[in-house]
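Coordinates in review
This is what each chain is made of:
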Amino acid sequence: MPAAHAAEDHAAEDQGGEVNVYSYRQPELIEPLFERFTEETGIDVNVVFSGKGLIERIKQLGPAAQADLLLTVDIGNLDQAVAEGIAAPVTTETLEEAVPSEYRAEDGSWWGLTRRARVVYASKDRVDQDAITYEELAEPKWKNRICIRSGQHVYNVALVASMIARHGEEETKTWLEGVKANLARKPAGNDRLQVKGVYAGECDVAIGNTYYMGVMATNEEEPEQKEWADSVEILFPNSEGRGTHVNLSGAVIVKDAPHKENAIKLLEFLASEEGQALYAEMNHEYPVREGVRWSELVQSWGDFEADDLSLQEIAEHRERASELIDEVNFDDGPSS
């Protein structure tokens with residue numbers, strides 16, 4: 001056995017063979033991954049799940065939180081974990097080889113694991129085009145035709161931040177004003193409810209994440225959502241140009257991690273070819289690791305070109321993006 005591996009195994013044994021994960025991701029989406037990790041390493045994974053407040057909890061409790069790894073979604077949450085001082089920069093050769101530079105922090109304070117694209121869901125009946133751009137959504141042709149959740153939701157803040165990175169603040173503000181004028185209703189609800197709006201004829205296009213198409217299309221408990229999904233097709237904005245905006249699910253190693261080496265081993269597993277394939281399949285998302293096959297459902301949505309903007313750069317524009325959204329009163333909805 002190579003010396004490096006022997007050292008890692010010894011570290012795992014010293015730390016009790018466990019790792020504590022604080023997760024914003026729902027248990028059913030990640031437990032099979034953890035079960036596989038335990039099978040391969042003998043390291044037990046303990047999970048604390050919550051839809052909100054985990055970053056604040058880890059910061060408040062410090063070492064008493066016993067947190068090793070934080071799993072979350074969106075660059076905004078990853079950036080917040082760093083800003084709140086709970087993330088420990090970690091870099092290994094394995095992680096650097098697995099995760100492209102645009103999907104990780106320069107200092108290793110956060111690591112992307114899967115991607116989701118922010119796309120346009122277009123009515124199959126009322127939209128006769130197979131390509132679109134984000135910029136186009138501000139044009140008069142879309143007057144009273146767009147549904148979207150709150151502009152201040154982290155997904156939309158990241159999209160606006162990417163527009164600032166590409167076009168600057170002034171042009172982005174003008175664009176936001178144009179999109180606001182084209183809204184069919186006041187922003188409200190989650191991404192799935194925007195697709196329901198298209199299904200119901202309240203709007204012709206909706207902005208949302210690809211991940212939610214998978215959630216709706218496979219929803220056996222609420223089969224009406226399958227009908228919502230079937231009423232639209234996915235258009236990948238700017239895929240023929242600069243590329244479609246993508247965001248991340250990702251992870252940080254916690255600064256006060258009691259089982260840091262085990263947390264690193266888990267993170268490396270999630271970035272491995274096997275981990276990436278499992279993670280992307282269960283979450284209807286795109287692997288960050290190149291060469292990993294997309295799930296059949298995700299493949300059915302078609303190919304696209306991803307914007308190559310660094311997520312770190314997008315994070316740097318988030319604060320100003322949020323300010324611009326408020327400056328144009330985006331969440332008040334379209335003017336009468």
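Per chain, residue numbering runs from 1 following the sequence as it is written. For a predicted model such as this one, the threshold for reporting local features is a pLDDT of at least 70, and the threshold for listing and counting side-chain atom pairs is 80 or more; totals across whole chains, interfaces and linings nevertheless cover every residue. Computation of side-chain values covers all heavy atoms of the structure but excludes hydrogens and water.

**Quick look at empty space enclosed by the protein**
Using protein atoms alone on a 1 Å grid, points that fit a 1.4 Å probe yet trap it form a cavity, whereas open point sets bounded by protein on both sides within 12 Å along at least five of seven lines form a pocket; residues with an atom within 4 Å of a point count as lining. Grid points are joined across faces, edges and corners, and a volume is the space filled by probe spheres set on the points. According to the stated counting rule, one finds 2 cavities of 30 Å³ or more in the structure shown. As a volume, the largest cavity reaches approximately 60 Å³. Note on residue classes: Ala, Val, Leu, Ile, Met, Phe, Trp, Tyr, Cys and Pro are nonpolar, Asp, Glu, Lys and Arg are charged, and everything else, Gly too, is polar. Tallied by class, residues from the lining of the largest cavity come to 8 nonpolar, 2 polar and no charged. When its volume is computed, the second largest cavity comes out at roughly 30 Å³. Tallied by class, residues from the lining of the second largest cavity come to 2 nonpolar, 3 polar and 2 charged.

**Describing the layout of surface pockets**
The calculated volume of the largest pocket comes to roughly 760 Å³. Lining the largest pocket we find 27 residues, and of these Gln26, Leu29, Arg192, Tyr211 and Tyr212 sit closest to its centre. If you list the elements that add at least two residues to the lining of the largest pocket, you get helix H2 (27-41), strand S3 (69-73), helix H6 (154-167) and helix H9 (210-217). In DSSP terms, a helix is any run of H or I states spanning at least four residues, a strand is any run of E spanning at least two, and both are numbered starting from the N terminus. Of all the elements, H9 adds the most residues to the lining of the largest pocket, at 3 residues. As a volume, the second largest pocket reaches approximately 280 Å³. Only H2, helix H5 (93-98) and helix H11 (260-270) provide two or more residues apiece to the lining of the second largest pocket. For the lining of the second largest pocket, the element with the highest residue contribution is H5, accounting for 4 residues. When the residues that make up the lining of the second largest pocket are grouped by side-chain class, the tally is 3 nonpolar, 3 polar and 8 charged.

**Topic: the side chain of Ser109**
Take Ser109: it is sitting in the loop between H5 and strand S4 (111-123). In protein, a polar contact means a hydrogen-donor-capable atom and an acceptor-capable atom, both N or O and within 3.5 Å, with residues adjacent in sequence counting only if both atoms are side-chain atoms; elsewhere, any N or O pair within 3.5 Å suffices. Of the polar contacts made by the side chain of Ser109, one reaches the side chain of Asp107; its length is 2.8 Å. Those residues within four positions of Ser109 in sequence are excluded, and the remaining contacts are Val82, Ala87, Ala88, Pro89 and Val252. Whether two residues are in contact is decided by their heavy atoms, any of which lying within 4.5 Å being enough.

**Observations regarding the packing of H6 against helix H15 (residues 318-327)**
For helices, the fitted line uses only the C-alpha atoms of the stretch in contact; every axis is such a line through C-alpha atoms, and the angle between N-to-C directions lies from 0 to 180 degrees. Here H6 crosses H15 at 105°, and the two axes come no closer than 8 Å. Overall, the two elements H6 and H15 adopt an arrangement that is roughly perpendicular. For the pair formed by H6 and H15, the contact residues are Val154, Val157, Val160, Ala161 and Ile164 on the first element and Arg318, Arg320, Ala321, Ser322, Leu324 and Ile325 on the second. Looking at the contact of H6 with H15 residue by residue, the classes come out as 8 nonpolar, 1 polar and 2 charged. Should an angle fall under 35 degrees it is called roughly parallel, over 145 degrees roughly antiparallel, and 65 to 115 degrees roughly perpendicular, with every other angle called oblique.

**Quick look at the state of the cysteines**
Pairs of cysteine sulfur atoms within 2.5 Å are identified as disulfides in what follows. All told, the structure shown has 1 disulfide when counted by the stated rule. Residue pairing for Cys147: its cysteine sulfur links by disulfide to Cys203, the two sulfurs lying 2.1 Å apart. Between Cys147 and Cys203 the disulfide shows an S-S torsion of about -110°. By sign, it is left-handed. Of this pair, Cys147 sits in strand S5 (residues 146-147) while Cys203 sits in the loop between helix H8 (191-199) and strand S6 (205-209); the two residues are 56 residues apart in sequence, bridging distant segments of the chain. Burial here depends on accessible area, computed with a 1.4 Å probe over protein chains only, as a share of the maximum for the residue type. Under 20% is buried, over 50% is exposed, and the range in between is partly exposed. Judged by relative accessible area, which is 0%, Cys147 ranks as buried.

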